[in-house]
Amino acid sequence: MRESSGGKESWLFCTPSHRQEPHHVGRLQNEGSTERRCTFTASQMPIPLTLFLENICLLLLSYTKQSNPPSANLQQTPPPTNNSSTMAIAPQSHRLSSLLPILLLAIHLLPFYTSASSFTVDVFVNIVQVDAHLNLTYHERIHRAMRRSHQRAMNLHHRGRRGRRHRSAPRPLDQNSSSIETSLQAGHGEFLMKLAIGNPPTSFMAIVDTGSDLIWTPCSPCTLCPDQPSTIFDPQGSTSYSKLPCSSPSCSALPHVCDPSSDDCQYIYRYGDQSTTSGYLSSETFTLGSASFENVGFGCGTMNWGFHEGAGLVGLNRGRLSLISQLGASVGYQFSYCLSGLEDGTSGSNRLVFGPSSALSSSSVGAVKLPLLINSRNPDFYFVDLEGISVGGKRLPIEASAFQFKQGGTGGVVVDSGSALMYLVAEAYREVKQAFITAISLPVAAGPTPAGSDLCFQGLVDSSSIPTLTLHFSSGDFCAPKENYFIVDKDSRLSCLAINETPMGMSIIGAFMQQNVHIHYDLGNNLITFTPARCDQFAPMLTNSKMPHVYFVALKGISVGGKRLQIPDWVFQIDQTGTGGFFVDSGSRYMCLLEPAYSQVLGAFAEALGLPIVGSPIPDLSACFEGLPGSMSIPSLTLHFQNGDLHLPLENYFVVVKEDELSCLAIIRTPFGGSFSVIGTITVQNIHVNYNVGKSLMTFTPTQCDKL
């Protein structure tokens with residue numbers, strides 16, 4: 001529901017798992033020949049707009065019914081029993097004149113109902129790093145990411161040189177087709193998203209690629225799919241599948257041939273590393289999260305080779321066939337993501353969001369809003385206007401022209417989630433490299449470095465010794481977190497700069513540089529926004545029908561000392577009667593847990609400390625241990641939310657009573673037979689808690705509140 005107060009709008013909605021439903025465009029229905037109804041069931045329409053359209057539609061139907069009364073052989077609906085049944089039918093001219101003021105009023109009010117947020121939905125999709133399912137060491141994970149990144153840079157290089165031009169060939173495709181000059185796309189990437197296709201839906205994991213446009217998945221029968229997944233989409237099993245003809249606009253956007261016997265559009269799509277997909281350009285229903293979208297164009301790949309991650313690819317650039325272009329106005333031409341855990345593989349909290357909720361507040365601290373530039377040679381990439389770089393607070397002597405487009409359309413700076421590293425043109429990279437060598441007092445590593453890193457230092461660099469890095473854009477400066485541009489590999493005892501020289505004229509802002517930054521793409525306004533954030537600490541708010549005004553969040557579990565407790569799922573869930581759940585309350589002092597959770601937490605602390613539980617001198621608290629924190633090793637406490645983990649400071653869950661030399665657990669049983677769990681004020685001390693009611697999100701950011 002959207003509320004408006006004082007000219008400001010906010011969206012109120014449940015968590016994504018509850019609020020999204022497949023949507024349909026409202027339309028005028030003809031049911032047989034006896035009745036016409038106005039039906040608007042589009043869940044993306046604001047309620048006032050739905051009522052407005054229904055009433056206008058009914059008004060027009062009322063007029064047309066009077067103008068064209070049904071023939072005698074049709075069964076008429078019984079007249080209403082109110083006073084309107086006695087009203088005489090006026091002549092047609094009088095009916096028209098009486099209708100005119102209402103239509104004028106409708107036209108006057110229409111802009112109020114058709115605001116920018118009309119006809120939009122919000123879609124939430126979890127994304128994971130491609131290696132998250134593998135049991136890899138830190139060294140192995142970084143090595144694989146860098147190797148992919150170098151290949152990706154070469155792919156973008158080929159695409160940048162050739163642009164997106166292509167021509168079609170006059171004969172059907174086969175695996176040896178060589179007469180089609182295909183456009184080379186970026187391809188591959190660092191992240192996978194889950195989506196479903198068809199009716200009934202078939203789920204699959206696909207690569208997320210902001211450098212290409214085509215959406216495709218392997219289809220049965222697949223004649224050349226050496227690395228095809230175990231579950232493959234079968235078009236014959238879906239009631240909503242259809243092939244697109246050569247005459248469709250989508251077909252003309254791809255290298256293709258036409259089957260003379262059927263007019264089916266057969267495509268071929270080749271990436272920079274020569275991996276290729278080919279098959280039939282088709283139309284199908286796609287389900288993202290809990291929202292469904294009909295008639296989405298995609299490649300039904302029957303010959304695919306060179307792909308090792310995921311079962312297909314979802315293009316997210318600005319091309320005609322990309323997912324964001326096809327969803328278009330239904331999601332407001334905008335999407336966002338927030339990446340975390342790229343180094344340690346804990347990327348389960350990463351989320352891709354489509355729609356108005358993809359944007360953070362325009363007043364967010366540190367937000368930098370940049371115009372998206374258009375490159376005539378590569379108009380589908382996300383280019384930004386980087387003007388300079390500072391290292392250690394000192395602006396480097398790099399000409400702004402180093403980052404600008406060159407004659408012929410080469411050059412520029414592109415934002416790309418599929419590349420792990422940041423790449424700079426030679427004249428910029430040389431200055432950055434030398435600045436880090438000057439600032440860090442460790443010897444430069446010689447010989448082979450992890451996956452070809454150009455600059456590594458022997459030894460482990462302390463964070464305080466790493467100089468700051470600032471990117472200067474035309475509309476603001478972005479101060480990058482140190483982990484976004486410096487990698488400390490304990491296995492090899494090397495510290496490496498996560499920036500390399502580009503093998504082409506195009507600079508790239510890759511995924512490492514985007515860590516813990518909320519990236520919002522607004523294609524409607526040609527803007528991209530970088531906002532510093534803790535991506536692993538976004539917690540979606542839930543709605544409890546029994547307590548709709550309370551801030552419930554989706555707690556999934558608790559760990560003590562790094563060990564996840566075996567607490568039943570129902571303990572933190574809201575049941576059908578509105579009882580249960582976990583909420584944040586500034587009026588409560590301590591964390592309150594239901595008995596099944598409390599007993600496990602208390603037992604885990606007692607076992608870890610190896611001390612007996614004693615009574616507490618503090619009212620409300622009941623469990624203490626003899627000794628002060630300095631004399632015993634108190635285990636950590638972690639709250640696992642739906643979108644990430646919150647590691648609590650020790651003082652947020654233990655209270656010290658110095659005069660009695662006691663350390664008391666600042667967690668209690670939910671009192672008075674209550675059915676809810678609560679996060680109190682002690683639990684969130686020195687944690688910045690941001691309530692974004694408009695986006696139904698709560699963010700926990702550890703900080704020193706007395707220094708804000």
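The coordinates are above.
Quick look at the structure, then. The structure presented is a predicted model; accordingly, all values stated were derived computationally and were not measured.

## As for the sheet that holds strand β39 (residues 624-626)
- Taken in spatial order, the three strands make up an open sheet running β39-β43-β42, and their pairing is antiparallel. Taken across any chain shown, the strands that pair with only one partner, and hence form the sheet edges, are β39 and β42 (654-657). Each strand axis lies, on average, 25° off the axis of its neighbour in the sheet, ignoring direction.
- In this structure, β39 lies alongside strand β43 (residues 662-665), joined through three bridges in antiparallel fashion. Counterpart to C624 in the pairing with β43 is C664.
- Sheet strands touched by helix α8 (residues 595-609): β39, β42 and β43. Its angle to β39, the strand with the most contacts, is close to 10°.

## Quick word on the pairing of strand β32 (residues 527-532)
- Pairing between strand β18 (residues 368-371) and β32: four bridges, direction antiparallel. Its bridge partner being in β32, P371 is matched across the sheet by L527.
- Two elements, strand β31 (residues 517-522) and β32, share six bridges in a ladder whose sense is antiparallel. Counted as the bridge partner of I519 is F530 from β32.
- Between the antiparallel neighbours β31 and β32 lie four residues, among them N526 with a positive phi of about 55°.

## Quick look at α8
- Helix length check: α8, at 15 residues, gives a terminal C-alpha distance of 21 Å against a target of 21 Å (1.5 Å per residue), a fit within 8%.
- The set of residues buried in α8 consists of A597, Y598, V601, L602, A604, F605, A606 and L609.

## Quick word on the state of the cysteines
- Counting across every chain of the model gives five disulfides.
- In this model C246 forms its disulfide with C258; the gap between the sulfur atoms is 2.1 Å. Note on the C246 and C258 pair: the S-S dihedral is about -130°, so by sign convention the disulfide is left-handed. Highlighted residues: C246 in the loop between β10 (242-243) and α5 (249-252) and C258 in strand β11 (residues 256-258), separated in sequence by twelve residues.
- Assessed through its relative accessible area of 13%, C246 is described here as buried.
- We classify C258 as partly exposed; its relative accessible area is 32%.
- A sulfur-sulfur separation of 1.9 Å characterises the disulfide bridge that pairs C624 with C664. What sets the handedness of the C624 and C664 disulfide is the S-S torsion sign, and at about 100° it is right-handed. Of this pair, C624 sits in strand β39 while C664 sits in strand β43, and the two are 40 residues apart along the sequence.

Basis of the calculations
Residues numbered from 1 in each chain as written. Predicted model: local features only at pLDDT ≥ 70, side-chain atom pairs only at ≥ 80, totals over all residues. Heavy atoms only, no water. Pairing = 2+ DSSP bridges. Helix = DSSP H or I, 4+ residues; strand = E, 2+ residues; numbered from the N terminus. Axes fitted to C-alpha atoms, helices over the stretch in contact; angles between N-to-C directions. Contact = heavy atoms within 4.5 Å. Expected span 1.5 Å × (residues − 1). Buried < 20%, exposed > 50% of the residue type's maximum accessible area, 1.4 Å probe, protein only. Disulfide = S-S within 2.5 Å.

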